[in-house]
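# Observations on the three-dimensional arrangement
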Amino acid sequence: LRANSKRSVLAPRSRTISAMANDEETLGSLKKQLAKLFEASLRVTVPTETDVEPLVAACTGNFGDYQCNNAMSLWPRIKGKGTEFRGPPAVGQALMKNIPQSEMIEKCSVAGPGFVNVVISKNWIAKSIQKMLTHGIGEWAPRLSIQRAVVDFSSPNIAKEMHVGHLRSTIIGDTLARMLEFSNVEVLRRNHVGDWGTQFGMLIEFLFEKFPNWEHASETAIGDLQAFYKASKQRFDEDPVFKERAQKAVVKLQGGEPKYRKAWTQICDISRSEFAKVYQRLGVTIEEKGESFYNPYIPGVLEKLSNLGLIEESQGARVIFLEGFNIPLIVVKSDGGYNYASTDLAAIWYRLNEEKAEWIIYVTDVGQSQHFEMVFKAAKRAGWLPADNNSYPRANHVGFGLVLGEDGKRFRTRNTEVVRLVDLLDEAKTRSKAALIERGKDKEWTEDELEQTAEAVGYGAVKYADLKNNRLTNYTFNFDQMLNDKGNTAVYLLYAHARICSIIRKSGKDMEELKKTAEISLDHPDERVLGLHLLQFAENVEEACTNLLPNVLCEYLYNLSENFTKFYSNCPVIGKPEEASRLLLCEATAVVMRQCFHLLGIVPVYKI
Ligand code: ARG
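Here's a quick rundown of the structure. (Residues numbered from 1 in each chain as written. Predicted model: local features only at pLDDT ≥ 70, side-chain atom pairs only at ≥ 80, totals over all residues.)

With that out of the way, let us pick up the overall build of the chain. Each helix and strand counted, the chain has 23 helices and 14 strands in total. Each principal axis of the C-alpha atoms in the chain carries an extent, and together these give about 85 × 75 × 45 Å. When each of the 608 residues of the chain is scored for burial, the buried share is 41%. Pairs at least 24 apart in sequence give 73% of the contacts found in the chain among residues at least 6 apart. (Helix = DSSP H or I, 4+ residues; strand = E, 2+ residues; numbered from the N terminus. Buried ≥ 20, exposed ≤ 12 C-beta atoms within 10 Å, placed from the backbone. Contact = placed C-beta atoms within 7 Å.)

Right under this line is the structure:
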């Protein structure tokens, strides 16, 4: 596992203050900037209602680009309190009149019961895109008020299967980490591997028995660790003498006896190298801090909880009763051992108090939501987290649904019960390579180019197929669908990006030069639609990031590609008077697409 060595864990993080922090108009997304204008208007229009937040949303109809919806909900608050207004439409009129003078607004109107519709100035859109092109897309990164986050994701279990659920967690967690990193948050990417627990007694004893020479044997002597797990489990279930030895081995391991520690490390290393292959293919960086890491902290953390009066005795176990849950959280089992919950309590304490994380995000299947809700509740009762879910520090469980096979049941491969993730990813690559060869690319490209494109497309397809759905819904794994070059797939999007790059290449123009000398204008309606959509990148990443919903970004990217296609079919570029401006629009589209790919963990393709 590659450690994320970018910044040391506790180093103070310097916040980059944008050179243009004073320039009001560069602050935040388009929607936020508009909200600021309406906030100013609200303060003047209804000076007594100081707690009213501006309600600004993108328009669905064609009255404008954005609308402010405050008038309707304001009315009942001010009616009968001596207001000069006669009804919500009049409030809307005043809200419109009191908007501070701004370059970004072309025109406003009040519609229906009091909506204030705003048309954004196309010159302002053009200028903002141009600014992004010169200053970089970092301009449009979300601005969060936190400095450090933990994303707990992937987290497979040693000696057990790393299944498609872990693949989902790896893909979703990596994207969330990338979005936070883009927002200038330091992210501790944590692999909470299941490397501790009673199964290790059985595994270690089995290792001693099967491989008396284990200390000298190379790791691979065990071969398939899953088969090894199965065989040792069988032995455990069938032979009471072995079972007893296994139970004693757990005690020795937990007591730190060197021989047992060494055997444990050897078993963990075999799993680790399997996991690493998946991360390497997916280009995912993650740092292992497994369950064993938190083990030494458990007694102290439980003592703190106990001192707060949170822990009670129940049927021989030690538990925390939590309001709203009909079962207690067991923190010490009746045999005196710790469990998954004890580890997670120690981990959340450590992350909040030692690592000073302000946002902790746990990515697992929805089946674990109750576990996390209980851990968070306990942390709130202990005063480690604030009672209110929306203030920082905060913890969120990011749940996801199942991966289904064609038969609508849990995803399995044809003959085996389990899906080896490495095989799955390899198959995606093989299939995308075959498709490229079918297009004759093996004759056009070098072997390296073919390999790299096959990887980018194959792995990108698997990731995108997962991320484009709302994560809570189950989705069907289907190679043919995800590798289709039409429709909402990574293949379609990657090809669209490559086509834009090819338009730019064919023009023979130097983009760096053009950025300095040419100006974007958005006179054709399809240019304006594309331009506005480009600008909306900022509010879409922000929404995807703060609501932990990668599908929002996928949908944005897909629509961007659609808007580009429309623009390109109606607005010829090369050899036209608008060439320079349109090339800059192509470039801006490519830049935004690449940033989306980057955030989704997809490697862009430049030629096809
Ligand atoms: N190892 C667990 C599993 O495979 C996931 C761990 C998630 N993280 C945590 N802090 N509990 O289901």
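Looking now at the pairing of strand 8 (residues 311-314). The sheet contact formed by strand 8 and strand 9 (residues 317-320) spans 4 bridges and is antiparallel. Bridge pairing in strand 9 links glutamate 313 to arginine 318. Counting the residues in the hairpin turn of strand 8 and strand 9 gives 2 residues, including glutamine 315, whose phi is positive at 45 degrees. (Pairing = 2+ DSSP bridges.)

This part covers the site of the ligand. Neighbouring residues of the ligand: Asp152, Ser155, Pro156, Asn157, His192, Gly194, Asp344, Ala347, Tyr362 and Thr364. At the level of elements, helix 12 (340-354) and strand 11 (359-365) are the ones that each hand at least two residues to the shell around the ligand. Along the lines of polarity and charge, the residues of the shell around the ligand split into 3 nonpolar, 5 polar and 2 charged. (Near = placed C-beta within 6 Å. Nonpolar A, V, L, I, M, F, W, Y, C, P; charged D, E, K, R; others polar.)

With that settled, consider the sheet that holds strand 11. Hydrogen bonding along the main chain pairs the strands of a sheet, whether they run parallel or antiparallel. Read from one edge of the open sheet, 5 strands run 7-6-5-11-12, paired in parallel fashion. Each end of this open sheet is capped by a strand with a single partner; those strands are strand 7 (287-288) and strand 12 (394-400). Examined bridge by bridge, strand 6 (residues 186-191) and strand 7 share 2 bridges and lie parallel to one another. Paired with asparagine 191 across the bridge in strand 7 is glutamate 288. Sheet strands touched by helix 13 (residues 369-381): strand 11 and strand 12. Its angle to strand 12, the strand with the most contacts, is close to 175 degrees. (Axes fitted to C-alpha atoms, helices over the stretch in contact; angles between N-to-C directions.)

Once that is clear, we can look at the nonpolar core. In terms of nonpolar packing, the biggest core is built from 142 residues, with Ile361 and Ala461 touching the most fellow members. Sequence-distant contacts of isoleucine 361, defined by excluding residues within four places in its chain, comprise Ala149, Val150, Val151, Asp152, Leu176, Asn396, Val398 and Leu548. Grouped together as the second largest cluster of nonpolar side chains are 23 residues, Ala159, Phe206, Leu225 and Trp264 included. (Core = buried A, V, L, I, M, F, W, Y, C linked by C-beta atoms within 7 Å.)

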